[in-house]
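Geometric and topological summary
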Amino acid sequence: DQQVKQNSPSLSVQEGRISILNCDYTNSMFDYFLWYKKYPAEGPTFLISISSIKDKNEDGRFTVFLNKSAKHLSLHIVPSQPGDSAVYFCAATEGYSTLTFGKGTMLLVSP
Amino acid sequence: SQTIHQWPATLVQPVGSPLSLECTVEGTSNPNLYWYRQAAGRGLQLLFYSVGIGQISSEVPQNLSASRPQDRQFILSSKKLLLSDSGFYLCAWTMTGGDGNEQYFGPGTRLTVT
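This section reports on the structure supplied with the text. Keep in mind the model is a prediction, meaning the values are calculated, not measured. (Residues numbered from 1 in each chain as written. Chains lettered and ligands numbered in written order. Predicted model: local features only at pLDDT ≥ 70, side-chain atom pairs only at ≥ 80, totals over all residues. Heavy atoms only, no water.)

What to know about unusual backbone geometry
We apply this condition: Secondary structure counts use DSSP, requiring at least four H or I residues in a row for a helix and at least two E residues in a row for a strand, with both numbered from the N terminus. In this scheme, a residue with accessible area under 20% of its type's maximum is buried, one over 50% is exposed, and one in between is partly exposed, where area comes from a 1.4 Å probe on protein chains only.
Cis geometry marks the peptide bond from Val 78 of chain A to Pro 79 of chain A; its omega dihedral reads -10 degrees. You can see Pro 79 of chain A is positioned in the loop between strand E8 (72-77) and strand E9 (86-93). Residue Pro 8 of chain B follows Trp 7 of chain B across a cis peptide bond; omega there is 0 degrees. Relative to the assigned elements, Pro 8 of chain B resides in the loop between strand E1 (3-7) and strand E2 (10-13). Here the phi dihedral of Asn 30 of chain B falls at roughly 55 degrees; this positive angle occurs in a residue that is not glycine. Assignment of secondary structure puts Asn 30 of chain B in the loop between strand E3 (19-26) and strand E4 (32-39). Of the residues examined, Asn 30 of chain B reaches a relative accessible area of 37% and is grouped as partly exposed.

Thoughts on the sheet that holds strand E7 (residues 64-70) of chain B
Residue and element names in this part refer to chain B. Defined as follows: One requirement defines pairing of two strands: DSSP has to find at least two bridges between them. To define axes, lines are fitted to C-alpha atoms, for helices over the stretch in contact only, and angles between the resulting N-to-C directions are given on a 0 to 180 degree scale.
The strand order E1-E3-E8-E7 describes an open sheet built from 4 strands, whose pairing is antiparallel. Two strands close off the open sheet at either side, each with one partner strand: E1 and E7. Neighbouring strand axes in the sheet, compared pairwise and without regard to direction, differ in orientation by 20 degrees on average. Two elements, E3 and strand E8 (residues 73-78), share 6 bridges in a ladder whose sense is antiparallel. Within E8, the residue paired with Glu 22 across the bridge is Ile 75.

Some remarks on the interface of chain A and chain B
The criterion, for reference: Note on definitions: a residue-residue contact is assigned when non-hydrogen atoms from the two residues lie within 4.5 Å. Buried area: the accessible area, evaluated with a 1.4 Å probe, that two parts lose upon being put together, summed over both parts. Within this document, salt bridges are pairs made up of a side-chain nitrogen of Lys or Arg and a carboxyl oxygen of Asp or Glu, the two lying within 4 Å of each other. Following the grouping adopted for this structure description, the nonpolar residues are Ala, Val, Leu, Ile, Met, Phe, Trp, Tyr, Cys and Pro, the charged ones are Asp, Glu, Lys and Arg, and the polar ones are all others, Gly among them.
Of the residues lining the interface, 20 residues belong to chain A; the matching set on chain B comes to 20 residues. Across the chain A/chain B interface, buried area totals approximately 1600 Å², and carbon plus sulfur atoms make up 62% of it. Counting the contacts that link chain A with chain B gives 0 salt bridges. Elements that contribute at least two residues to the side of chain A that touches chain B include exactly strand E4 (32-38), strand E5 (45-51) and E9 of chain A. Among the elements that take part in the side of chain A that touches chain B, E4 of chain A stands out by supplying 4 residues, more than any other. A class-by-class count of the residues in the side of chain A that touches chain B yields 10 nonpolar, 7 polar and 3 charged.

Thoughts on the environment of Ser 110 of chain A
All names here are of chain A. Examined against the element boundaries, Ser 110 turns out to sit in strand E11 (residues 105-110). Given the relative accessible area of 29%, Ser 110 is considered partly exposed. Residues Ser 110 and Phe 33, spaced 77 residues apart in sequence, show a C-alpha to C-alpha distance of 28 Å. The contact partners of Ser 110, leaving out residues within four places of it in the chain, are Val 13, Gln 14 and Glu 15.

Side note on the sheet that holds strand E7 (residues 62-67) of chain A
All names here are of chain A. A sheet is described by the order of its strands in space; here 5 strands give the open sequence E1-E3-E8-E7-E6, paired in antiparallel fashion. Edge positions in the sheet fall to strand E1 (4-5) and strand E6 (56-59), since each of these pairs with one other strand and no more. Where E1 and strand E3 (residues 19-25) come together, 2 bridges link them in antiparallel fashion. If you follow Lys 5 over to E3, its bridge partner there is Asp 24.

Observations regarding the pattern of salt bridges
Following the criterion strictly, the structure yields 4 salt bridges over all chains and no others. Between Arg 61 of chain A and Asp 84 of chain A there is a salt bridge, with its nearest N and O atoms 2.8 Å apart. One end of the pair, Arg 61 of chain A, is in the loop between E6 and E7; the other, Asp 84 of chain A, is in the loop between E8 and E9, and 23 residues separate them in sequence. The exposure class of Arg 61 of chain A is partly exposed, given its relative accessible area of 21%. Given a relative accessible area of 2%, Asp 84 of chain A falls into the buried group. Taking the shortest distance from any N to any O, the salt bridge between Asp 85 of chain B and Arg 37 of chain B comes out at 3.6 Å. Pair noted here: Asp 85 of chain B is in the loop between E8 and strand E9 (87-94) and Arg 37 of chain B is in strand E4, with a separation of 48 residues, a long-range link. The pair formed by Asp 85 of chain B and Arg 37 of chain B is uniform in burial state, with each residue classed as buried.

What follows is the structure, given as structure tokens:
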């Protein structure tokens, strides 16, 4: 049973526009959520996170929104840049437990 | 600052051969250590994690094993590789009881089993 789901395997966006990456989860005990960015043949790098006590966290061009009632979070990238092209993984955890990752969404930002 | 190393970067091994992948972390002590595998279409799958020397938890039953002989060393092994073991293997660390749970990943090892 997949507890963290990223239903869009890929997303194409034009440079300068907004990229919205979505993630759904089923475990109501998850209390911390993270987004990782991964380039081919490299390890993922931490991007942004949000605690379940918040509904929004912003860091520069990246904003994560959390809707606990819908068990849904999203990552907004504004404006999108070609260098943002990568695979984005959503992850969730309960307390200091291990991370559960989604399958990832490949973002392609075209000039 | 902390750094994490993995080697080798790429590996091609025949079916039935043994495997040993090594991961070391520098600049921190008593980290939690993790092994993940990224297989095509399956995202990041947690294989093993360790909260201390000699302490290994397995998330997925398989023909792989892990060991932690030293505080900052984590080894992934197999006695006999299967074709299905092909993938991109990632080691990660986080501070014990760390605030935020952010994990820091190594560069990864691309394993191809032929």
